[in-house]
Protein chains: 4
Amino acid sequence: MDKGRLEAFSDGVLAIIITIMVLELKVPHGDSFEALKPLLPVFLSYVLSFIYIGIYWNNHHHMLHAVRSVTGSVLWANLFLLFWLSLIPFVTAWMGENHFSKWPVVCYGLVLLMNAIAYSILVKVLIYHHGENSLLAKALGSDLKGKISIGIYITAIGASFIHAWFGFALYILVACIWFIPDRRIENKITDSNKINYNG
Amino acid sequence: MDKGRLEAFSDGVLAIIITIMVLELKVPHGDSFEALKPLLPVFLSYVLSFIYIGIYWNNHHHMLHAVRSVTGSVLWANLFLLFWLSLIPFVTAWMGENHFSKWPVVCYGLVLLMNAIAYSILVKVLIYHHGENSLLAKALGSDLKGKISIGIYITAIGASFIHAWFGFALYILVACIWFIPDRRIENKITDSNKINYNG
Amino acid sequence: MDKGRLEAFSDGVLAIIITIMVLELKVPHGDSFEALKPLLPVFLSYVLSFIYIGIYWNNHHHMLHAVRSVTGSVLWANLFLLFWLSLIPFVTAWMGENHFSKWPVVCYGLVLLMNAIAYSILVKVLIYHHGENSLLAKALGSDLKGKISIGIYITAIGASFIHAWFGFALYILVACIWFIPDRRIENKITDSNKINYNG
Amino acid sequence: MDKGRLEAFSDGVLAIIITIMVLELKVPHGDSFEALKPLLPVFLSYVLSFIYIGIYWNNHHHMLHAVRSVTGSVLWANLFLLFWLSLIPFVTAWMGENHFSKWPVVCYGLVLLMNAIAYSILVKVLIYHHGENSLLAKALGSDLKGKISIGIYITAIGASFIHAWFGFALYILVACIWFIPDRRIENKITDSNKINYNG
């Protein structure tokens, strides 16, 4: 089955998720500069979530680039990921409007954790479909970053019960880990394309 | 006429429908864990509707994969389906906010029923356009699942008048029937593609 | 210049316009069947606007199918059309919430009129770019339907001052004129494709 | 790496941004013509922002047309631009609802300035990736318009402190500069395509 519509649908959902979050930046009633101040925590949580959705879109783009075809299981694993991504605007707004207090930060972490788990399920389903010796499996490697992220999320959720800012700082850390482009994977995909088209 | 834009437009509408439903998960005012509790029924109805939109997208994807070209009638049959799908966020929110009380559950079922009817009209229009002996007609077969679904929806609407949870349970049942991938159809399409490209 | 992104962007905007209109169907507070009654005029105006957006998408799809390439002027003529289409959700909601009273019905007509004018500008810009003797110009013909529509819209706006339902009835009439597929144009495009690919 | 999904995702985000702005045109409670009057400044700022998003989509379309491939850095530079574009609906609504008073006009200018900077970063990243002697670099030239725009934005932000209308007038001026199609660039791209495909 063709991967084109899977990409188009995922792009659509991600584009909407990343954009509707900004609707939570409610237009303030006053017209002074001070009227913007209460929006600062909402804005901060918007920035973090924008980066997270950007990272997911980026990784999704890279991964599907190496994919040859999709199955029904892949479609559902992808929808499972989109479901958890669709909850990010909700927890982003809840966290921002409550100035990063304990429970909203914990729930934000739980949604990030579920996203990471859903993404690794999608990876596993794709590797199972392409075979352990496929170029995709080699390109994705041992998914070390994914495993480290899940570990940090769990630590962050626990740390949020001590102080919410510990959790928030760890969420930023995970974003930094992913933000730095993974040259190694990009190279492997480039190599594999060379093998595929020229070899 | 080309099917590309029909797919792109449908993907866009489905991506928006599946995403704007989450806007009904209104951010609670408090920051305690208890503040989330009143959202539970809204969340539950969101999950069910997300799965339903996912099933429709999945089936739409499969069906159009086997389609060769589209006509004006196909465009309108598709828009008729999109119209009823666009009402799902409304009945989802109404059902969730009223904790699955009778009339919202009945209306949710009516919208699902109209979606199922609209989908079977789209199937009929496509088969009429491709011919009764086309690979599409063979791949879709007798549309047994579609007919069973319509029967269960009607039963569910009636059962909701006795108790709303009867109706809700039957809606979950239909989702389960469709969730299990229809290997037989997928195989037939794969076969037909082989015939088409290799034979 | 390639027409692919023009189609993709237009599809995206039209998909969003057709879907956000449903957000004006505000979830009622009660859970009785009577709670839905006040929504009936909003629902009616939603149905009419859904059909109008569907017609525009359909015609846009047909017209661009016959287009070979686009210029900067085409992009702006298209954006001008999308601008007026983007106002349809606003006038739809205003008309529905005020139970089809005079001024909302007049403004709904004005927006439809501007859409029709914007569409005929887009047609003229495309014909100018492709040449008077192009297959596109022949396929579009004298745009009789477009001219009749503009005439009816002007009549409808005037008639709304006598009674709003006169205007509303005429808007439905225009929708009916366009809803009936224009076999002649579809055939010409099919012919022109034959000429183009086979001749 | 392929540029297709970058275009699709950007089109999606831009289509949503341009459309959700219209949601700020809140449906008035009355049904008289006078009920529309308070919406006039919101409508005016909507028109200006619609034109700005249109210009960005247009330029993005042109630039990526000349692009051969994209890297991780390009994806992030593009997301940085989309981030600042996503803030346009917020400042548009704030400016319109406060009848173009000082601080909203200043903030509108700041967001436009950041968009212009983000766009020129994207240009630089693309030229760096394609090489200084690439057709892309030649087609984009010295980006004189971009530099002039940044200068006018800074002037406009300063002028807004004297009177907000000075700033607003300068924002309209920049839109006019860009609205006039840049024939020279379009020609160069056309030439470069000729070189590429025919030479």
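Residues numbered from 1 in each chain as written. Chains lettered and ligands numbered in written order. Predicted model: local features only at pLDDT ≥ 70, side-chain atom pairs only at ≥ 80, totals over all residues. Heavy atoms only, no water.

Within an unreviewed UniProt entry, the label attached to chain A reads DUF1211 domain-containing protein, and the organism entered is Mucilaginibacter segetis. In its Sequence similarities (unreviewed entry) section, UniProt records this for chain A: "Belongs to the TMEM175 family." According to the UniProt record, the Subcellular location (unreviewed entry) comment for chain A reads "Membrane". (UniProt positions renumbered as here; feature names shortened; annotations may be inferred.)

### Points about unusual backbone geometry
Even without glycine at this site, C:H99 takes up a positive phi of about 50°. Mapped onto the elements, C:H99 comes out in the loop between α4 (88-97) and α5 (102-130). (Helix = DSSP H or I, 4+ residues; strand = E, 2+ residues; numbered from the N terminus.)

### Topic: the UniProt feature "transmembrane region" (unreviewed entry) in chain A
All names here are of chain A. In the numbering used here, UniProt assigns the feature "transmembrane region" (unreviewed entry) to residues 6-23, 35-55, 75-94, 106-130 and 150-180. End C-alpha atoms of residues 6-23 are separated by 26 Å, and the span's content is 83% helix alongside 0% strand. Between the C-alpha atoms that bound residues 106-130 the distance is 36 Å, and the span itself is 100% helix and 0% strand.

### Some thoughts on the relation of the copies chain C and chain D
In screw terms, the move from chain C to chain D is a rotation of 90° and a rise of 0.0 Å along the axis, fitting with an RMSD of 0.0 Å. Interpreted geometrically, this transformation is the action of a four-fold axis. Of every C-alpha in chain C, the one belonging to C:G12 sits nearest the axis of rotation, 4.3 Å from it. Little of the interface of chain C is mirrored in chain D, where only 3% of its interface residues again form contacts. (Least-squares fit on C-alpha atoms with pLDDT ≥ 70 in both. Contact = heavy atoms within 4.5 Å.)

### Considerations on the environment of A:I177
All names here are of chain A. Residue position: I177 is located in helix α8 (residues 164-179). Residue class for I177 comes out partly exposed when judged on its relative accessible area of 25%. Taking the C-alpha atoms as reference, I177 lies 8.5 Å from S149; in sequence the two are 28 residues apart. Those residues in contact with I177 that sit more than four places away from it in its chain are K145, I148 and I152. (Buried < 20%, exposed > 50% of the residue type's maximum accessible area, 1.4 Å probe, protein only.)

### Details of the layout of surface pockets
Here the idea is plain: a probe the size of a water molecule rolls over the atoms and shows the empty space left. Approximately 1,200 Å³ is the volume found for the second largest pocket. Looking at the second largest pocket, it is lined by 43 residues, and the ones nearest its centre are A:A8, B:A8, C:G4, C:A8 and D:A8. Those elements giving two or more residues to the lining of the second largest pocket turn out to be α1 (4-20) of chain A, α1 (4-20) and α2 (40-65) of chain B, α1 (4-20) and α2 (40-65) of chain C together with α1 (4-20) and α2 (40-65) of chain D. Looking at the lining of the second largest pocket residue by residue, the classes come out as eleven nonpolar, 14 polar and 18 charged. (1 Å grid on protein atoms, 1.4 Å probe; cavity = no way out; pocket = protein on both sides within 12 Å on 5 of 7 lines; lining within 4 Å. Points joined across faces, edges and corners; volume = space filled by probe spheres on them. Nonpolar A, V, L, I, M, F, W, Y, C, P; charged D, E, K, R; others polar.)

### Thoughts on helix α5 (residues 102-130) of chain D
Over its 29 residues, α5(D) runs 42 Å from end to end, which matches the ideal 42 Å to within 8%, given 1.5 Å per residue. With its phi angle positive at about 100°, D:G131 sits one or two positions after the end of α5(D). (Expected span 1.5 Å × (residues − 1).)

### A look at the side chain of C:S45
Residue and element names in this part refer to chain C. Tracing the chain through its elements places S45 in helix α2. What makes S45 buried here is its relative accessible area of 0%. The residues touching S45, leaving out its near neighbours within four places in the chain, are T92, M95, G96 and F100.

### A word on the interface of chain C and chain D
Note: interface size is frequently given as the accessible area lost on complex formation between the parts. Contact with chain C, which involves 31 residues of that partner, is made by 39 residues of chain D. Here chain C packs against chain D, burying approximately 3,000 Å² in sum over the two surfaces, 75% of which is carbon and sulfur. Summed over the three residues of chain C that lose the most area to chain D, namely C:R5, C:F9 and C:W76, the buried surface amounts to 28% of that side. Taken together, the links from chain C to chain D amount to two salt bridges. Between C:R5 and D:D11 there is a salt bridge, and its shortest N-O distance comes to 2.7 Å. Of all the secondary structure elements, the ones that give two or more residues to the side of chain C that touches chain D are α1, α3 (72-86), α4 and α5 of chain C. A total of nine residues in the side of chain C that touches chain D trace back to one element, the largest contributor, which is α1(C). Class assignment of the residues belonging to the side of chain C that touches chain D gives a composition of 20 nonpolar, seven polar and four charged. (Buried area = accessible area lost by both parts, 1.4 Å probe. Salt bridge = Lys/Arg side-chain N within 4 Å of Asp/Glu carboxyl O.)

### Overview of the environment of A:V42
Residue and element names in this part refer to chain A. Summarising the element assignment, V42 is placed in helix α2 (residues 40-65). For V42, a relative accessible area of 8% translates into the label buried. The sequence separation of V42 and A118 amounts to 76 residues, and the corresponding C-alpha distance is 26 Å. Among residues more than four places away in sequence, those in contact with V42 are E24, L25, G96 and E97.

### What about the nonpolar core?
Core analysis: the biggest nonpolar cluster contains 300 residues, and A:Y171, B:Y171, C:Y171 and D:Y171 have the highest contact counts within it. When near neighbours in sequence (up to four residues on either side) are disregarded, D:Y171 contacts D:L48, D:Y52, D:V105, D:V106, D:Y108, D:G109, D:L112, D:Y153, D:A156, D:I157 and D:S160. (Core = buried A, V, L, I, M, F, W, Y, C linked by side-chain atoms within 4.5 Å.)

### Quick notes on helix α4 (residues 88-97) of chain D
All names here are of chain D. For α4, a buried count of nine out of ten residues is recorded, marking the element as mostly surrounded by other parts of the structure. Those residues of α4 not exposed but buried are I88, P89, F90, V91, T92, A93, W94, M95 and G96. Residues of α4 that are buried in the fold lie against α1, α2, α3 (72-86), α5 and α8 (164-179). A positive backbone phi angle near 50° is found at H99, which sits one or two residues after α4.

### Side note on the relation of the copies chain A and chain B
Placing chain A over chain B gives an RMSD of 0.0 Å and needs a rotation angle of 90°, together with 0.0 Å of translation along the axis. Looking at chain A, a mere 3% of its interface residues are interface residues in chain B too, so the copies touch through different faces.

### Digging into the side chain of B:T92
By secondary structure assignment, the location of B:T92 is in helix α4 (residues 88-97). Contacts of B:T92, omitting those with residues within four sequence positions, involve B:M21, B:S45, B:Y46, B:S49 and B:Y108.

### Quick word on the interface of chain A and chain B
In this assembly, 31 residues from chain A lie in contact with 39 residues from chain B. Carbon and sulfur atoms make up 75% of the surface buried where chain A meets chain B, a total of about 3,000 Å² over both sides. Considering only the surface of chain A that becomes buried against chain B, A:R5, A:F9 and A:W76 emerge as the three largest contributors, covering 28% of it. Between chain A and chain B we count two salt bridges in total. Those elements that provide at least two residues to the side of chain A that touches chain B are α1, α3 (72-86), α4 (88-97) and α5 (102-130) of chain A. For the side of chain A that touches chain B, the element with the highest residue contribution is α1(A), accounting for nine residues. Among the residues making up the side of chain A that touches chain B, the classes are represented as 20 nonpolar, seven polar and four charged.

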